[in-house]
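# A look at the structure
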Amino acid sequence: MIHRATLAYDKTLLRQATFAFWRHTVGLAFPLVLTALTAYVAYLWAMGNRTWEIGVLATVAALGFCFSGALYFVHYRNALEKLRDMGAPEAQFIADSESFTVSSGIGSSSLKWSSVLELWCFEDFWLVLFSKAQFMTIPLKSVSQEMQAFVLERVASSGGKVVR
């Protein structure tokens, strides 16, 4: 059986999807640890400590904030570029038992279900991960419940992990 859906994209959806990817990848503990480290460095500085260790700790905290910020902004910028390149902000999503195809104004791609490492399920969209840093957003607004169940089953049966 072949399932079809027209996926509609906009900046708000892409911002939400990128933030969900960032939050799931970075987690909540990392920013908290960086904030605690920054507070510790500020405390030591205020107490008059001017050793090289303070410089190292401050550098680690700064690099951590830069890395986590860059992770979000790079993915978001790439998503906006793809949205612009699409022309019409929509794509056709076609799924059958062997593979799925996504077609838009910038091209078409067909992949086997086994290429999906993970499927992260959120309320309004799914993130289909092909690697730790490469993902595709599927807005769920126009994807029927039947098609959603089919995709979940195909990903799971092909060895992909479904994260709800």
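The preceding data block contains the structure.
To keep things clear, this report deals only with the structure shown in the data block. Model, not experiment: these values are computed from the prediction.

It is worth spelling out the sheet that holds strand E6 (residues 125-129) at this point. What links the strands of a sheet is backbone hydrogen bonding, and the strands pair in either a parallel or an antiparallel sense. The strand order E7-E6-E5-E8 describes an open sheet built from four strands, whose pairing is mixed. Unpaired on one side and paired on the other, strand E7 (135-139) and strand E8 (161-163) mark the two borders of the sheet. This sheet shows a mean twist of 20° between the axes of neighbouring strands, independent of strand direction. The pairing of E6 with E7 spans five bridges and is antiparallel. Among the inter-strand pairings, Phe125 is bridged to a residue of E7, identified as Pro139. Sheet strands in contact with helix H4 (residues 145-157) are strand E5 (118-121), E6 and E8, and its direction is about 145° off that of E5.

What follows concerns the environment of Asn49. Looking at the element boundaries, Asn49 is found in the loop between helix H2 (29-46) and helix H3 (52-86). On the basis of relative accessibility, which here comes to 24%, the residue Asn49 falls in the partly exposed class. Setting aside chain neighbours within four positions, we find Asn49 in contact with Leu44 and Ile54.

Tallying each qualifying case throughout the model produces two salt bridges. With its nearest N and O atoms 3.5 Å apart, the salt bridge here joins Arg77 to Glu81. With Arg77 and Glu81 both in helix H3 and four residues apart, the pair spans about one turn of that helix. Residue Glu81 is classed as partly exposed on the basis of its relative accessible area of 34%. Where Arg154 meets Glu153, a salt bridge forms, and the shortest distance between an N and an O atom there is 3.7 Å.

One finds Leu127 and Ile138 to be the most contacted residues of the largest nonpolar core, which totals 43 residues. Among residues more than four places away in sequence, those in contact with Leu127 are Ala17, Ala20, Phe21, Glu118, Leu119, Trp120, Phe122, Phe135, Met136 and Thr137.

A few words on the environment of Val33. Take Val33: it is sitting in helix H2. Take Val33: its relative accessible area is 53%, and that puts it in the exposed class. As a C-alpha pair, Val33 and Ala61 span 28 residues in sequence and 8.9 Å in three-dimensional space.

We now examine the pairing of strand E3 (residues 99-104). Consecutive side chains along a regular strand alternate between the two faces of the sheet. Taken together, the four bridges between strand E2 (residues 90-95) and E3 define a ladder with antiparallel strand orientation. Each residue of the ladder has a partner; that of Ile94, found in E3, is Thr101. Taken together, E2 and the strand that follows it, E3, pair antiparallel across an intervening segment of three residues. With six bridges connecting them, E3 and strand E4 (residues 107-112) associate as antiparallel partners. What sits directly across from Ser104, in E4, is Gly107. As consecutive antiparallel partners, E3 and E4 are separated by two residues.

Tallied over the full model, the rule gives nine aromatic pairs. Judged by centre distance (5.1 Å) and plane angle (85°), the rings of Tyr72 and Phe73 are edge-to-face. Taking the relative accessible area as the measure of exposure, Phe73 reaches 56% and is therefore exposed. By the ring-pair criterion, three or more aromatic residues cluster together here, those being Phe93, Phe100, Trp113 and Phe130. For Arg50, the ring lying beneath its charged end belongs to Trp45, and the centroid distance is 3.8 Å.

Conventions used here
Residues numbered from 1 in each chain as written. Predicted model: local features only at pLDDT ≥ 70, side-chain atom pairs only at ≥ 80, totals over all residues. Heavy atoms only, no water. Pairing = 2+ DSSP bridges. Helix = DSSP H or I, 4+ residues; strand = E, 2+ residues; numbered from the N terminus. Axes fitted to C-alpha atoms, helices over the stretch in contact; angles between N-to-C directions. Contact = heavy atoms within 4.5 Å. Buried < 20%, exposed > 50% of the residue type's maximum accessible area, 1.4 Å probe, protein only. Salt bridge = Lys/Arg side-chain N within 4 Å of Asp/Glu carboxyl O. Core = buried A, V, L, I, M, F, W, Y, C linked by side-chain atoms within 4.5 Å. Phe/Tyr/Trp six-rings, centres within 6.5 Å; stacked < 30°, edge-to-face > 60°. Lys NZ or Arg CZ within 6 Å of the ring centre and 35° of its normal.

Function-wise, these values are silent; they only describe arrangement.
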